Structures are given as structure tokens and as C-alpha cells.
Amino acid sequence: DSGVTQTPKHLITATGQRVTLRCSPRSGDLSVYWYQQSLDQGLQFLIHYYNGEERAKGNILERFSAQQFPDLHSELNLSSLELGDSALYFCASSYGRAGGHRNEQFFGPGTRLTVL
Amino acid sequence: LAKTTQPISMDSYEGQEVNITCSHNNIATNDYITWYQQFPSQGPRFIIQGYKTKVTNEVASLFIPADRKSSTLSLPRVSLSDTAVYYCLVGDTGGFKTIFGAGTRLFVKA
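A brief look at the structure comes next. Because the structure is a prediction, the values reported are computed rather than measured. Residue numbering note: each chain is counted from 1, following its sequence as written. Starting at A for chains and at 1 for ligands, labels are handed out in the order in which the entities are written. Totals for whole chains, interfaces and linings use every residue, but because this is a predicted model, local features are given only for residues with pLDDT of at least 70 and side-chain atom pairs only at 80 or more, for both listing and counting. The side-chain numbers reported here are obtained from all heavy atoms of the structure, hydrogens and water having been left aside.

## Observations regarding the overall build of chain A
Now for step 1: Runs of E in the DSSP output that reach at least two residues are strands. Runs of H or I that reach at least four are helices, and both are numbered from the N terminus. Counting its regular elements, chain A contains zero helices and 11 strands.
Now for step 2: Helices and strands appear in chain A in the N-to-C order β-β-β-β-β-β-β-β-β-β-β.
Now for step 3: Both definitions apply: the radius of gyration is a C-alpha atom measure, and the globule rule equals 2.2 Å times residues to the power 0.38. Against the compact-globule benchmark of 13 Å for 116 residues, chain A has a radius of gyration of 13 Å, which places it among compact chains.
Now for step 4: Taking the principal axes of its C-alpha atoms as reference, chain A extends roughly 40 × 25 × 20 Å.
Now for step 5: Each residue is placed in one exposure class: buried if its accessible area under a 1.4 Å probe, protein chains only, is under 20% of its type's maximum, exposed if it is over 50%, and partly exposed if it falls in between. A burial count over chain A gives 53% of its 116 residues as buried.
Now for step 6: For chain A, restricting intrachain contacts to residue pairs at least 6 apart in sequence, the fraction spanning at least 24 positions comes to 56%.
Now for step 7: Surface accessibility of chain A: about 5500 Å² in total, with carbon and sulfur atoms responsible for 46%.
Now for step 8: Only four residue types enter the charge count: Lys and Arg as positive, Asp and Glu as negative, with His and the chain ends excluded. For this purpose, a charge sits on NZ of Lys, CZ of Arg, CG of Asp or CD of Glu. Treating the 10 positive side-chain charges of chain A as one cloud and the 11 negative ones as another, the clouds have centres 3 Å apart. Note on contacts: a residue pair is in contact if any heavy atoms of the two residues lie within 4.5 Å. Methods summary: accessible areas were calculated by the Shrake-Rupley approach with a probe of 1.4 Å, and residue burial reflects only the protein chains presented.

Have a look at this one:
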């Protein structure tokens, strides 16, 4: 158990709908990262928040948005869903910023999104 | 960010030592090298991190030559449960993105 929690575990919805994925980082971690992983694909970095502020964006679509709240939990909002958005969405947390010494990321179990 | 290159896949047998090499020619002075392991349908898990020379922990060793343009993850005496995808990351201590790349799919056979 990494200490990172994600809800829901599974989500099935229809095209055009909007969903919200939730992530609670490990206690004390200030950074939250979101990743998308499609079937048999690598991890695509979406966005990074550090202590409530957006710090970096990756390949995140304009239909997707995220935020980190004062209690440091984060939500990823996916709207106007398309079939191609079906994937595993992982959240990770770390104490500091990406890439630093001993600043490894701890990943949650993921949310499996299926768009029908 | 330094780009990394790893073999797409590797096969091994139980009990053998496996070495996975990652190339990162554009690594910056302050960058650390980190390896993660991912099982199907699970989030990646930190294995080991290093800056130079050799680092060893209870699960792996990491060898980094003096020029730091590559690194080698060494898994001693692999078992079937080591079948997974292994990712090499080179950190950007001044930035905030993490690029995992395609990783190396290791398949351990009995």
C-alpha cells in the first residue's frame, strides 16, 4: 500500500459525459501528479500540482482539467468524454518537486475509466 | 528534460541476473536517475535511485558510469514475479514534469 488513495476504482460512462476522479496523496506529500495509461501503452504525464499550484502540464487535453485543494487532495475532471479516453488514470504523490534527490513518486491504485 | 532510451523488451529465466541499460545522453548535472517497476493494472513502484557510481538496495543495484550518459539496473536472481515493465527516469530538479517513456518489458520464464 503506497498510502495514495484514488476513487472510484472503476468508472463506466457514456460518450459526451463528464466525470471526476479523486486522489488523496500520502500524508505530508505536497506534490500530486496525474497520469493516463491506455491499454498496453506507457504512462502519459498529464499535470503536476505542488502545494495547491499548477506546476507543469504534459499531454493534457483541453477537455481535461485538474485542481489541488487546500487539504492537498486533487481532482481530475474529464469532460465531453470520447471512446479514446478509456484508460487507467493514476495519481502519484511526492514530498517535493519532480526529479529531486530521494523525491520518488508513490502511485495510487488507479481509476479504470471505460467510456462506452 | 533528458530523453531516455531503453530496450523495448527482454527475456530471462528464473535465477538469472538481469541487466537493463538506459541511455540518457543529455543528462544534466543535477539530474538523478530513478527506476520504477510496474505490474499490469498497477501503479509504478519505486525501485532505486542514484546519481553516480553504484547504488544497492535490497531489491536491485544501479550502476552509473562516470560520464552518467547511461545507467544499468541490475536485478539479481530474478523470479517469475519480476515479470514487469521497468522504467528509467532522469529527473529535472529544476522542473516539474516526469516523462516515463515506453519502459522495458521484462519476461521471466521458468
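Continuing now.
## Comments concerning the sheet that holds strand β7 (residues 64-68) of chain A
Residue and element names in this part refer to chain A.
Now for step 1: Spatial ordering of the open sheet is given by β1-β3-β8-β7, a layout of four strands whose pairing is antiparallel. Where the open sheet ends on each side, the last strands, each with one partner, are β1 (5-7) and β7. Put simply, the sheet's adjacent strands are angled 15° from each other on average, direction ignored.
Now for step 2: Two strands are counted as paired when DSSP detects at least two bridges linking them. Bridge count between strand β3 (residues 19-24) and strand β8 (residues 74-78): five bridges; the pairing is antiparallel. Each residue of the ladder has a partner; that of T20, found in β8, is N77. Note on method: axes are straight lines fitted to C-alpha atoms, helices fitted across the in-contact stretch only, with angles between N-to-C directions ranging 0 to 180 degrees.

## Quick word on the packing of aromatic side chains
Residues and elements named next belong to chain A.
Now for step 1: Side-chain rings of Phe, Tyr and Trp (the six-membered ring for Trp) are treated as a pair once their centres are within 6.5 Å; stacked means planes under 30 degrees apart, edge-to-face means over 60, and tilted covers the remaining angles. Applying the stated criterion across every chain yields a total of seven aromatic pairs over all chains.
Now for step 2: Their ring planes at 65° and their centres at 5.9 Å tell us that Y35 and F45 sit as a pair that is edge-to-face. Placement of Y35 in strand β4 (residues 31-37) and of F45 in strand β5 (residues 44-50) is noted, with a sequence separation of 10 residues between them. In this structure, Y35 and F45 share a single accessibility class: buried.

## As for unusual backbone geometry
Now for step 1: With an omega dihedral of -10°, the bond running from T7 of chain A to P8 of chain A counts as a cis peptide bond.
Now for step 2: In this structure, P8 of chain A sits in the loop between β1 and β2 (10-13).
Now for step 3: Phi is positive for T53 of chain B, which is not a glycine, with a value near 60°.
Now for step 4: Counting through the fold element by element, T53 of chain B comes out in strand β5 (residues 53-56).

## So, the state of the cysteines
Residue and element names in this part refer to chain A.
Now for step 1: By convention in this document, the label disulfide applies to cysteine sulfur atom pairs within 2.5 Å. Counted by the stated rule, this structure contains two disulfides over all chains.
Now for step 2: Covalently, C23 is tied to C91 through a disulfide, its sulfur atoms 1.7 Å apart. Taking the sign of the S-S torsion, about -45° here, the bridge from C23 to C91 comes out left-handed. With C23 in strand β3 and C91 in strand β9 (residues 87-94), this pair connects stretches of sequence that are 68 residues apart. Taken as a pair, C23 and C91 share a single burial class, namely buried.

## Notes on the sheet that holds strand β6 (residues 61-64) of chain B
Residue and element names in this part refer to chain B.
Now for step 1: What the four strands build is an open sheet, ordered β2-β7-β6-β5; its pairing is antiparallel. A strand with exactly one partner marks an edge of an open sheet, and here the two such strands are β2 (18-23) and β5. Going across the sheet, the axis of each strand differs from the next one's by a mean of 15°, ignoring polarity.
Now for step 2: Relative to β6, β5 runs antiparallel, the two sharing four bridges. By the bridge assignment, T56 is partnered in β6 with S61.

## Quick word on the nonpolar core
Now for step 1: Residue types Ala, Val, Leu, Ile, Met, Phe, Trp, Tyr and Cys, when buried and joined through side-chain atoms within 4.5 Å, form a set referred to as a nonpolar core. One finds L21, W34, L76, L78, Y89 and L113 of chain A to be the most contacted residues of the largest nonpolar core, which totals 21 residues.
Now for step 2: Within the residue set of this core, elements represented by two or more residues are β3, β4, β5, β7, β8, β9 and β11 (111-115) of chain A.
Now for step 3: In this structure L76 of chain A touches V19, T20, L21, W34, L46, I60, S65, A66 and Y89 of chain A, once residues within four positions along its chain are discounted.
Now for step 4: Core analysis: the second largest hydrophobic core is formed by 20 residues, I33, W35, I47 and V78 of chain B among them.

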